[in-house]
Amino acid sequence: MKKALIIVDVQNDFCEGGALAVPGASEIIPYINLLMEENEYDQVVLTQDWHPAGHKSFASSNGRKVGESIILNGVPQFMWPDHCIQGTFGAEFHKDLNRDKVTHIIQKGKNIEIDSYSGFQDNNHFMKTGLDDFLKYHDIQLVEIVGLALDYCVKFTAQDAVANGYITCLHFNGTRAVNVKPDNARDAIYEMIEKGVTVLG
Ligand code: VGL
Ligand code: ZN
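First, a word on what this report is: a plain description of the structure on this page. Owing to the predicted nature of the structure, the values given are computational and were not obtained by experimental measurement.

1. Quick word on the side chain of Ser116
Locating Ser116 in the fold gives a position in the loop between β5 (104-108) and α2 (131-137). Of the polar contacts made by the side chain of Ser116, one reaches the backbone oxygen of Gln121; its length is 3.1 Å. What Ser116 contacts, discounting residues up to four positions off in sequence, is Asp49, Lys108, Gly109, Gln121, Asp122, Asn123 and Cys153.

2. Quick notes on the site of ligand 1
The environment of ligand 1 is made up of Asp9, Phe14, Asp49, Trp80, His83, Tyr117, Leu148, Ala149, Tyr152 and Cys153. Here Cys153 contributes a backbone N or O atom positioned 3.1 Å from an oxygen atom of ligand 1. For ligand 1, whose unbound accessible area comes to 260 Å², protein coverage reaches 100%. A per-class count over the shell around ligand 1 returns seven nonpolar, one polar and two charged.

3. Notes on the packing of aromatic side chains
Tallied over the full model, the rule gives six aromatic pairs. For the ring pair Phe78 and Trp80, a centre distance of 4.4 Å and an interplane angle of 50° mean the geometry is tilted. In textbook terms, an aromatic cluster arises when at least three aromatic residues are bridged by ring pairs, as seen for Phe78, Trp80, Tyr117, Tyr152 and Phe156.

4. Overview of empty space enclosed by the protein
For the structure shown, the criterion picks out one cavity of 30 Å³ or more. In this structure, the largest cavity spans a volume of roughly 120 Å³. Residue lining of the largest cavity: 15 residues in total, with Phe14, Leu20, Trp80, Tyr152 and Cys153 positioned closest to the centre. In terms of residue class, the lining of the largest cavity is built from ten nonpolar, two polar and three charged.

5. Some thoughts on the sheet that holds strand β2 (residues 43-49)
Pairing in this open sheet of six strands is parallel, and the strands run β5-β2-β1-β6-β7-β8 from one edge to the other. Of all strands in the sheet, those with a lone pairing partner are β5 and β8 (198-200), marking the two edges. In this sheet, neighbouring strand axes are inclined to one another by 25° on average, regardless of whether the strands run parallel or antiparallel. Set on the sheet, helix α1 (residues 28-38) makes contact with β1 (2-8), β2, β6 (140-148) and β7 (167-176); between it and β7 the angle comes to about 140°. In this fold helix α3 (residues 150-163) packs onto β1, β5, β6 and β7, with an angle of close to 175° to the strand it touches most, β6.

Thresholds, definitions, all that
Residues numbered from 1 in each chain as written. Chains lettered and ligands numbered in written order. Predicted model: local features only at pLDDT ≥ 70, side-chain atom pairs only at ≥ 80, totals over all residues. Heavy atoms only, no water. Helix = DSSP H or I, 4+ residues; strand = E, 2+ residues; numbered from the N terminus. Polar contact = N/O pair within 3.5 Å; in protein donor to acceptor, adjacent residues only side chain to side chain. Contact = heavy atoms within 4.5 Å. Near = heavy atom within 4 Å. Areas by Shrake-Rupley, 256 points an atom, 1.4 Å probe, with all protein chains shown as cover. Nonpolar A, V, L, I, M, F, W, Y, C, P; charged D, E, K, R; others polar. Phe/Tyr/Trp six-rings, centres within 6.5 Å; stacked < 30°, edge-to-face > 60°. 1 Å grid on protein atoms, 1.4 Å probe; cavity = no way out; pocket = protein on both sides within 12 Å on 5 of 7 lines; lining within 4 Å. Points joined across faces, edges and corners; volume = space filled by probe spheres on them. Pairing = 2+ DSSP bridges. Axes fitted to C-alpha atoms, helices over the stretch in contact; angles between N-to-C directions.

If you want it as structure tokens, here you go:
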């Protein structure tokens, strides 16, 4: 059975010192590097949050405060600080992430009007990113997921992996939550388990 590792959004803005820093983010990098050394993945895919300046998920683009929620194209949108703007240092992958075995990169959040937490599709389900086509083309049946942030992009990527027919495992040691709301991390784990994601310790 062919398997892929999907590394979600290990970018400078989500790491310590970044615009949308996830607590403990850089602690997962040695774990992810070890996974790639110790396993023979058929594919290793990076996702990259890749927003144009003025993206509608930014509080600053809507005259809002970070942490507020608005309705954007009919779906709730949490207001984030400006982050992962195309071509900036914050959007680059963390330098310590070993990229030798990476076979594909999926950029998401490129449509200025729509956010994209999942690596598979935008939050409105208007556009697929090409990740499912890539994995199906390469006969991948099992995906293992790591990265940032557990309670947003990792959760939605894992749930969509199940929905697209993959056996889906989350490495708990390979992820961290941003936890902008209390208990977000725990709720995310419960939701993923309910949807069919296997959580590995
Ligand atoms: C993410 C918030 C906004 C993530 C991306 O990678 O989890 N979270 N954009
Ligand atoms: Zn984003």
